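Chain residues, written in single-letter form:
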Amino acid sequence: IEMIDGIVQPVNAMIRGLNAIGITNASIVIYDSSRWIPKRFVDQCQYPGVLFRHKAHDPWGEGSAAVEFTPPGVNAFTQRISKEVAQANYLINVPIMKWHGMTELSLALKNHYGSIEIPRDLHQWSSLASPYFSTKYNPMVDLNNDSHIREKTILTLGDAIFAAIDNNSTRSFPRGWRTFANQTPNSLFFSTDPVA
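Residues numbered from 1 in each chain as written. Predicted model: local features only at pLDDT ≥ 70, side-chain atom pairs only at ≥ 80, totals over all residues. Heavy atoms only, no water.

(A) Main features of the nonpolar core. One finds Val67, Phe69, Ile81, Ile116, Leu143 and Ile149 to be the most contacted residues of the largest nonpolar core, which totals 16 residues. Among the secondary structure elements, those contributing two or more residues to this core are β3 (65-69), α3 (83-86) and α6 (139-145). Among the elements that line this core, the one with the most residues is β3, at three residues. For Ile149, the contacting residues outside a window of four places in its chain are Ile81, Val85, Leu91, His112, Leu143 and Asn144. Counting residues in each nonpolar core, the second largest holds 14 residues, with Val11, Ile28, Val50 and Leu157 among its members. (Core = buried A, V, L, I, M, F, W, Y, C linked by side-chain atoms within 4.5 Å. Buried < 20%, exposed > 50% of the residue type's maximum accessible area, 1.4 Å probe, protein only. Helix = DSSP H or I, 4+ residues; strand = E, 2+ residues; numbered from the N terminus. Contact = heavy atoms within 4.5 Å.)

(B) A look at the pattern of salt bridges. Under the definition given, this model contains two salt bridges. Measuring nitrogen to oxygen at the nearest pair gives 2.7 Å for the salt bridge that ties Arg150 to Glu151. Among the residues examined, Arg150 registers a relative accessible area of 42% and is labelled partly exposed. (Salt bridge = Lys/Arg side-chain N within 4 Å of Asp/Glu carboxyl O.)

(C) Expanded view of the packing of aromatic side chains. Under the counting rule described, the total for this entry stands at four aromatic pairs. An aromatic cluster of at least three residues, connected via ring pairs, comprises Phe69, Phe77 and Trp125. (Phe/Tyr/Trp six-rings, centres within 6.5 Å; stacked < 30°, edge-to-face > 60°.)

(D) Expanded view of the layout of surface pockets. The volume enclosed by the second largest pocket comes to roughly 260 Å³. Counting residues per element, the ones that place at least two in the lining of the second largest pocket are β7 (104-106), α4 (108-111), β8 (153-164) and β9 (187-191). By residue class, the composition of the lining of the second largest pocket is 10 nonpolar, five polar and two charged. (1 Å grid on protein atoms, 1.4 Å probe; cavity = no way out; pocket = protein on both sides within 12 Å on 5 of 7 lines; lining within 4 Å. Points joined across faces, edges and corners; volume = space filled by probe spheres on them. Nonpolar A, V, L, I, M, F, W, Y, C, P; charged D, E, K, R; others polar.)

Put into structure tokens, the structure is as follows:
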């Protein structure tokens with residue numbers, strides 16, 4: 001299934017900016033631990049030497065770390081956070097704005113579900129339709145409060161150039177949103193605060 005994925009142009013612009021302040025391409029890792037990074041994305045990256053890591057690169061092996069979740073009424077449990085996150089010095093979170101049946105709108109906080117080994121285990125506390133959903137607990141808080149994410153994330157670049165109005169499906173081709181006058185959002189959102 002072809003799921004909605006990112007476009008490389010905002011990432012190319014970001015790498016250009018990182019190069020301008022002295023960050024070398026070999027120091028930059030673009031990752032998605034839960035999915036494949038499309039070949040067209042890699043091929044259109046304008047910066048040779050940038051590393052691409054995805055689910056085929058053993059993200060949960062040596063170098064990964066544990067993140068703890070503390071839902072009410074059950075024992076706390078841990079999941080593996082990918083070695084790309086655990087070993088990074090800094091993170092720039094680049095989520096794609098999309099509608100999601102579980103949370104209505106998905107962007108910065110939920111994007112890190114792709115940084116843990118079994119995100120589906122968190123859905124029962126994240127989904128608005130779940131009987132376990134509560135306004136007093138959401139696993140996205142535990143995940144984004146983990147030191148590997150909270151202390152390393154220096155920027156969130158929300159990609160809403162096209163955005164997806166459908167939920168991770170083959171229907172996720174770009175099309176207009178009512179809230180954007182039936183146009184694609186054609187926007188980028190920048191923040192040092194992932195909640196903002």
